[in-house]
Amino acid sequence: MTVNLENEVGPKYQRLKSYITSRIKGGDWPPAHQLPSENELVSGLQLSRMTVNRALRELANEGYLTRVPGVGTFVAEIHSRSHFLEINNIADEVRERKHDYSAKVILNKRDKLNSENARRIQLAPGSKVFHSIIVHEENHIPIQVEDRYVNPQVVPGYGGVDFTRTTPTEYLLKVAPLQEVEHTVQARMPTARVRKLLQSKANEPCLILLRRTWSQEKIASVATLYHPGNRYELSDHFKA
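Here the residue numbers are simple positions, counted from 1 along each chain's written sequence. Totals for whole chains, interfaces and linings use every residue, but because this is a predicted model, local features are given only for residues with pLDDT of at least 70 and side-chain atom pairs only at 80 or more, for both listing and counting. The side-chain quantities take in all heavy atoms of the structure and omit both hydrogens and water.

Give me the lowdown on the pattern of salt bridges, citing residues and values where you can.
Here, a salt bridge means any Lys or Arg side-chain nitrogen found within 4 Å of an Asp or Glu carboxyl oxygen. All told, the structure shown has nine salt bridges when counted by the stated rule. In this structure, lysine 104 engages glutamate 137 in a salt bridge whose closest nitrogen and oxygen atoms are separated by 3.5 Å. Linking lysine 104 in strand E4 (residues 101–112) with glutamate 137 in strand E5 (residues 128–138), this pair joins segments that are 33 residues apart in sequence. What you see here is one network of salt bridges that share partners, running through Lys17, Arg54 and Glu58. Per the convention used, a helix needs a DSSP run of H or I reaching at least four residues, while a strand needs a run of E reaching at least two, with both numbered from the N terminus.

Structural data, given as structure tokens:
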């Protein structure tokens, strides 16, 4: 293999890490792609085995690679984790894993409530509220579709926010301090639209978190958060 690491900066192991992550983020090396062997990297790049091993080991610890003894090194499937009991900003969670966060805004407008969502947000059916649909991405791979309805009586400025620059959670925590939170977890098959947004395979179930938040003695928002079942988990730990 012929690779020029002179365009990268830092120590040699860091240059190799930067090269590998650039191939992953650029889509040249998709999930499950097998990397050249350590021997090929050592001889092809004229690097020491210690340097190559350190770069691969650190990238595996950071979630970019999966190393299978006796088989090889592969680009990891993103398998993200969120806390169930807490409300965390998904952008912060992704960045804490040293991965790239991005978002695509599918919808952000005023919409009429159907009977089910009216019941959840405790407003009359047909009432107009803010409705947003956002795809959250980790290393440009969808990890969550957020379908949220927001009460304009509590958060009147929601419709004017650029959610490519901040997340709904981050914004709502600032302007509508939490009083109460309700979480419900479900596992079910997604709609065709959600499956397409998540880039999920047919017959792949979703892990779904239903969330309601209260502020100013009213329900501020109701959200349905869809996660691909094969690369996401919800977990938490607490002591009584």
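Break down the confidence of the model for the chain for me, citing the residues and quoting the values.
The pLDDT averaged across the chain works out to 86; a share of 88% of its residues lies at or above 70. pLDDT runs from 0 to 100 and stands for how confident the predictor is about each residue. Ranking the elements of the chain by mean pLDDT puts strand E3 (residues 80–83) last, at 51, and E5 first, at 97. Residue contacts are defined here by distance: any two heavy atoms, one from each residue, within 4.5 Å place the two residues in contact. Contacts of residues 236–240 to residues separated by more than four positions or lying in other chains number five contacts, the stretch itself having pLDDT below 50.

I'd like a description of the pairing of strand E8 (residues 206–215), backed by residues and values.
Only protein chains enter the area calculation, which uses a 1.4 Å probe; residues under 20% of their type maximum are buried, those over 50% are exposed, and those in between are partly exposed. Counting buried positions over the ten residues of E8 gives ten, a clear majority of the element. Of the two faces of E8, both are covered, the one formed by Cys206, Ile208, Leu210, Arg212 and Trp214 as well as the one formed by Leu207, Leu209, Arg211, Thr213 and Ser215. Two strands pair when backbone bridges link them, and strand E7 (residues 180–188) and E8 are joined in this way by nine bridges, in the antiparallel orientation. Across the sheet, residue arginine 188 finds its bridge partner in E8, namely cysteine 206. Two strands are said to pair when DSSP picks up at least two bridges between them. Between E8 and strand E9 (residues 218–228), which pair antiparallel one after the other, the connecting turn spans two residues, and glutamine 216 there sits at a positive phi close to 55°.

Which residues make up the sheet that holds E8, and what values go with them?
Spatially, the six strands line up as an open sheet ordered E4-E5-E6-E9-E8-E7, and their pairing is antiparallel. For this open sheet the edge positions go to E4 and E7, each flanked by a neighbour on one side alone. Between one strand and the next, the sheet's axes are offset by a mean angle of 15°, whatever the strand orientation. Examined bridge by bridge, E5 and strand E6 (residues 141–150) share nine bridges and lie antiparallel to one another. The convention used is that axes are lines fitted to C-alpha atoms, helices contributing only their stretch in contact, and that angles between N-to-C directions extend from 0 to 180 degrees.

A description of the packing of aromatic side chains should follow, citing residues and the corresponding values.
In this analysis, rings of Phe, Tyr and Trp, with Trp reduced to its six-membered ring, are considered paired at centre separations within 6.5 Å, and the interplanar angle assigns stacked below 30 degrees, edge-to-face beyond 60, and tilted for intermediate values. Overall, the coordinates contain five aromatic pairs when judged by the stated rule. With a centroid separation of 6.0 Å and an interplanar angle of 40°, the aromatic rings of phenylalanine 130 and tyrosine 158 are classed as tilted. Here phenylalanine 130 is found in strand E5, whereas its partner tyrosine 158 is found in the loop between E6 and helix H6 (168–175), with 28 residues between them in sequence. Looking at phenylalanine 130, the relative accessible area reads 6%, which means it is buried. With a centroid separation of 4.9 Å and 45° between ring planes, the pair formed by tyrosine 158 and phenylalanine 163 is classed as tilted. Among the residues examined, tyrosine 158 registers a relative accessible area of 0% and is labelled buried. A relative accessible area of 2% places phenylalanine 163 in the buried class. Ring pairing ties together the aromatic residues Phe130, Tyr158, Phe163 and Tyr171, which thus form one cluster. It is arginine 54 that lies over the ring of tyrosine 13; its NZ or CZ is 3.7 Å from the centre. Ring-over charges, as used throughout, are those where CZ of Arg or NZ of Lys falls within 6 Å of the ring centre and within 35 degrees of the ring normal.

Can you explain unusual backbone geometry? Please cite residues and give values.
Positive phi outside glycine occurs at alanine 32, with the angle close to 80°. A positive phi is found at glutamate 217, a non-glycine position, where the angle reads about 65°. Of note, glutamate 217 is situated in the loop between E8 and E9.

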